[in-house]
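The primary structure of each chain is shown beneath.
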Amino acid sequence: RNAVISKEIKVYGEVKRIDQLLDDEIAYWVNFITHKTQTGWKSGAHIDTILLSGGGAPIFKEHLIKIFPHLKVPQNPAFSNAIGYFKYGVKAMRE
């Protein structure tokens, strides 16, 4: 996570910039996500809110919100999937 934020890694003690690598990977995944979601959802206009969760959510939000303006990122996106499944499990156990 720190390398993504700083856009630097250390290789044998020497700092290397990874801006281009990150930009290329982010572009790849934004295109992949956009294609997959638009294939199924089209514009997504019929969906009230699109929740983007997971550790990469803050990185992808700035790109995907241009395509899906109703996209939201939960307060703690890195753990939101686990929290959601936990809540679902608790509810399922009570039924």
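Above this text you will find the structure in question.
The text that follows walks through the structure, step by step, so that each part is easy to find. Keep in mind it's a predicted model, so treat the numbers as computed, not measured.

Here we take up the overall build of the protein. Counting its secondary structure elements, the protein contains four helices and four strands. Beginning at the N terminus, the succession of helices and strands in the protein can be written as α-β-β-α-β-α-β-α. For the protein, the C-alpha radius of gyration of 17 Å lies well beyond 12 Å, the compact-globule estimate for 95 residues. In terms of overall dimensions, the protein has C-alpha extents of about 55 × 35 × 20 Å along its principal axes. Counting every position in the protein, which comprises 95 residues, the buried fraction comes to 19%. For the protein, restricting intrachain contacts to residue pairs at least 6 apart in sequence, the fraction spanning at least 24 positions comes to 35%. Accessible area for the protein stands at about 7,500 Å²; split by element, carbon and sulfur atoms hold 59% of it. Charge separation in the protein, taken as the distance between the mean sites of 13 positive and 9 negative side-chain charges, equals 8 Å.

What follows deals with the side chain of Thr34. Structurally, Thr34 can be placed in helix H2 (residues 19-41). Polar side-chain contacts of Thr34 include one of 2.7 Å to the backbone oxygen of Val30.

The sheet contact formed by strand S1 (residues 8-11) and strand S2 (residues 14-17) spans four bridges and is antiparallel. Bridge pairing links Ile9 to Lys16 in S2. Linking two consecutive strands that pair antiparallel, namely S1 and S2, is a turn of two residues; a positive phi of about 50° is found at Tyr12 within it.

Negative phi characterises most residues that are not glycine, and trans characterises most peptide bonds. Positioned with a positive phi, Lys7 is a non-glycine residue whose angle comes to about 60°. Along the chain, Lys7 falls in the loop between helix H1 (2-6) and S1. Under the relative-accessibility criterion, Lys7 is labelled partly exposed at 27%. Here Tyr12, not a glycine, exhibits a phi torsion of approximately 50°, which is positive. Relative to the helices and strands, Tyr12 resides in the loop between S1 and S2.

Parameters at a glance
Residues numbered from 1 in each chain as written. Predicted model: local features only at pLDDT ≥ 70, side-chain atom pairs only at ≥ 80, totals over all residues. Heavy atoms only, no water. Helix = DSSP H or I, 4+ residues; strand = E, 2+ residues; numbered from the N terminus. Rg over C-alpha atoms; globule rule 2.2 N^0.38 Å. Buried < 20%, exposed > 50% of the residue type's maximum accessible area, 1.4 Å probe, protein only. Contact = heavy atoms within 4.5 Å. Areas by Shrake-Rupley, 256 points an atom, 1.4 Å probe, with all protein chains shown as cover. Lys, Arg positive; Asp, Glu negative; His and termini not counted. Charge placed at Lys NZ, Arg CZ, Asp CG, Glu CD. Polar contact = N/O pair within 3.5 Å; in protein donor to acceptor, adjacent residues only side chain to side chain. Pairing = 2+ DSSP bridges.

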